[in-house]
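# Analysis of the macromolecular model
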Amino acid sequence: MTRILRDCVEEVGALPGVPSKTPEVEISCSGIYEISKLLTAAIPLEITLVKVANILPTFLRMRHGAIVVLASEGEPEINASAGVTDPRQSGARHIIPQAAMDQIVTTGQPLVIRETNKSELFQADHQPSLSSDTIPITFIGVPLRAAHKLVGTLWIDRFKDSATELRHNEDIRFLTMVADLVGQTIAFHRALSTSGPQIIQLHRRSAEGGRNDQSQSSRAKVDWIVGESPAVRQVLEIVSAVAMTNTTVLLRGESGTGKEFFAQAIHELSPRRKKSFVKLNCAALPESLLESELFGHEKGAFTGAVSQRPGRFELANGGTLLLDEIGEISPAFQAKLLRVLQEGELERLGGTKTLKVDVRLICATNKDLEAAVANGEFRADLYYRINVVPIVLPPLRERPGDISRLSKVFLDRFNRENNRELAFTAPALDLISQCYFPGNVRELENCVRRTATLARAKMIVPSDFACQNSQCLSARLWKGDGAGREAEPIDELTRGGTMSAVSPLSTQPGSVSHSEVAPIKACDPNGSACVALSPRLTERDRLIEAMEKVGWVQAKAARMLGLTPRQVGYALRRHNIEVKKF
């Protein structure tokens, strides 16, 4: 592994500036990604572990290896091995180094034996498969943990040579991260097995036609989530499944998709629903205040700390904690957060007493965490810790039929708050259902409230919407015109004009100001050539699509996106996009 992975797995310390991507880190991240896909597949645990064991040689130099899961009485329950040609052979069952496994289970620490033929652990077992008189064999083993309990071991062996001698620490870290993922999966499967009768009963009800009743019962508990589209139903099914466990959940999706509401749904459907549901926006506070908010502080810990104050972890003890915008915290604070997640322990700011907390963690972000890990902006070990069950929330444009339902709900809420009796006409609902809404549900609610506030009659018609009067301020996100760039945007809209385009790509310090953006022609929302309305919303994808449409000519792409060539060139470098040359 390179410096990036070494820095990512250090328990304390900030990340230094390192290259954004190297082959070794790419292989390591690729390995974790492939193993994560195997662990989340809907297949029996035994088959899953066998597949994980068989994929390990792709990313590690190894001869044999195995994932051994122990039963409650300490005997092997599952033995998923790799490198054994025929597990039924009598010698295959002796390939498990029992004495070495016992030491790993007893100590709970990784074990490295550089030459097994010189180790008393292997001589005691008389295992010729792991010993050799001619070529030394190296053994590496790490413990498997599930919910802070040791449930087994993961081990490999390989021929000792100069190349492998230099990789022990890196391989131990990689195996430890794999063991963490495997341990979480074991805990998840065991939790499901204990709920087996309830699951079977649900399936029987479904087969007998009771599926709709069960769905309505579940939806009644989370009636604050409005939507009947297949995308929302699929997310709610996943939410119902993970809610019954203590597994960490990572909610991902664009801004405004309702991540906080789905986090609340997980809490309300879980056994922790009678305890507190605590939420914190990590991007809303500076690092110094964030530490105090999460961990609490003692009296006199800093200026203004006139009394002891518990943190959000303590307030959520026994319940659920939502950390929104988790991708915005600094690398230094990530190390402090990782310790709490790993050990379930914390110390208040300015205190020395260690406190134990039992918290179900839900994280949310709209940031590309994989790119942040590759660029050294987000710790890899924290990423693996929180990305146990990722749930991707669908944007509003992928929820056909839900826009009209949500619009009616928002209008009813507005009527109750303002003692009004407004309603949508059918053409008005048709119009709003065809809008793009890059801000998703949040922007839709603002649109409904603005329209209802300025409506001239009790029935809202299409002409009441701002977009029909060239007054939609959110249009600045994706369209514009060269006229009136010196005028105030609202004044320009009042005169029926259009505004200069705001860059769809986020700007950085030192980039060109808005006044330098070249004029472009507004996109046709119904046209396939409108890059801003593409279903792929990330900055990188928008940039690649624009470059492909203009034959990778930066000047043309700049005109299409409403940027300058300098801004496009900066964005290409920032996203590590290689320019194709013809």
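Only a predicted model underlies this, so the values are computations on that prediction, with no experimental measurement involved.

## Let's talk about the overall build of the chain
A count of helices and strands for the chain gives 23 helices and 16 strands. Once local pairs closer than 6 in sequence are excluded, the contacts in the chain between residues at least 24 apart make up 66%. Carbon and sulfur atoms form 51% of the exposed surface of the chain, whose accessible area is close to 29,500 Å².

## Regarding unusual backbone geometry
Phi is positive for asparagine 419, close to 55°, though the residue is something other than glycine. Within the fold, asparagine 419 resides in the loop between helix H17 (402-418) and strand S15 (423-424). With phi around 60°, asparagine 440 is a residue other than glycine that occupies positive phi space. Within the secondary structure, asparagine 440 is located in helix H19 (residues 440-454).

## Remarks on the confidence of the model for the chain
Chain-level statistics for the chain give a pLDDT mean of 76 and a share of 74% at 70 or above. Per-residue pLDDT stays below 50 along residues 85-94; that stretch engages in 5 contacts with residues further than four places along the chain or on separate chains.

## Description of the sheet that holds strand S10 (residues 320-324)
Taken in spatial order, the 5 strands make up an open sheet running S7-S10-S13-S6-S14, and their pairing is parallel. Lying at the two open borders of the sheet, with one neighbouring strand each, are strand S7 (277-281) and strand S14 (389-392). Averaged over all adjacent pairs, the angle separating strand axes in this sheet is 20°, with direction ignored. Examined bridge by bridge, strand S6 (residues 249-252) and strand S13 (residues 360-365) share 4 bridges and lie parallel to one another.

## Some details on the nonpolar core
Core analysis: the biggest nonpolar cluster contains 66 residues, and Ile67, Phe313, Leu323 and Ile386 have the highest contact counts within it. The element contributing the most residues to this core is helix H7 (residues 168-194), with 9 residues. Excluding residues that lie within four positions of it along the chain, isoleucine 67 makes contacts with Leu49, Val52, Ala53, Ile78, Asn79, Ala80, Leu144, Thr153, Leu154 and Val182.

## Comments concerning the environment of glutamate 293
Inspection of the secondary structure puts glutamate 293 in helix H12 (residues 287-295). With relative accessibility at 14%, the residue glutamate 293 sits in the buried group. Linking glutamate 293 and arginine 312, residues 19 residues apart in sequence, is a C-alpha distance of 6.1 Å. Among the polar contacts listed, one links the side chain of glutamate 293 to the side chain of arginine 309, at a separation of 3.1 Å.

## A closer look at helix H21 (residues 539-549)
The set of residues buried in H21 consists of Arg542, Leu543, Glu545, Ala546 and Met547. The inward-facing, buried residues of H21 contact helix H22 (554-561) and helix H23 (565-574). A positive backbone phi angle near 70° is found at glycine 551, which sits one or two residues after H21.

## A closer look at the sheet that holds strand S5 (residues 149-159)
With antiparallel pairing, the 5 strands of this open sheet are ordered in space as S2-S1-S5-S4-S3. The sheet is open, and its two borders are formed by strand S2 (76-82) and strand S3 (111-113), each paired with just one other strand. Mean inter-strand twist for the sheet, computed between neighbouring axes without regard to direction, equals 15°. Note: strand S1 (residues 64-70) against S5, 6 bridges, orientation antiparallel. Across the sheet, the residue bridging to valine 68 is threonine 153, located in S5. Against the sheet, helix H3 (residues 45-55) contacts S1 and S2, and its axis sits at roughly 35° relative to S2.

## Details of the pattern of salt bridges
The final tally for this structure, using the stated rule, is 26 salt bridges. Put simply, glutamate 34 and lysine 37 hold a salt bridge, and the shortest N to O gap is 3.5 Å. Within this pair, glutamate 34 and its partner lysine 37 are both found in helix H2 (residues 23-39), separated by 3 residues, close to a single helical turn. Glutamate 34 sits in the partly exposed class, given a relative accessible area of 26%. Residue classification places lysine 37 among the partly exposed residues on the basis of a relative accessible area of 42%. In this structure, glutamate 370 engages arginine 252 in a salt bridge whose closest nitrogen and oxygen atoms are separated by 2.8 Å. Here the residue glutamate 370 occupies a position in helix H15 (residues 369-374), and arginine 252 occupies one in strand S6, the gap between them amounting to 118 residues. Take arginine 252: its relative accessible area is 14%, and that puts it in the buried class. Three or more residues are tied together by salt bridges with common partners; here these are Arg413, Glu417, Glu445 and Arg449.

Quick notes on the rules
Residues numbered from 1 in each chain as written. Predicted model: local features only at pLDDT ≥ 70, side-chain atom pairs only at ≥ 80, totals over all residues. Heavy atoms only, no water. Helix = DSSP H or I, 4+ residues; strand = E, 2+ residues; numbered from the N terminus. Contact = heavy atoms within 4.5 Å. Areas by Shrake-Rupley, 256 points an atom, 1.4 Å probe, with all protein chains shown as cover. pLDDT = per-residue confidence, 0-100. Pairing = 2+ DSSP bridges. Axes fitted to C-alpha atoms, helices over the stretch in contact; angles between N-to-C directions. Core = buried A, V, L, I, M, F, W, Y, C linked by side-chain atoms within 4.5 Å. Buried < 20%, exposed > 50% of the residue type's maximum accessible area, 1.4 Å probe, protein only. Polar contact = N/O pair within 3.5 Å; in protein donor to acceptor, adjacent residues only side chain to side chain. Salt bridge = Lys/Arg side-chain N within 4 Å of Asp/Glu carboxyl O.

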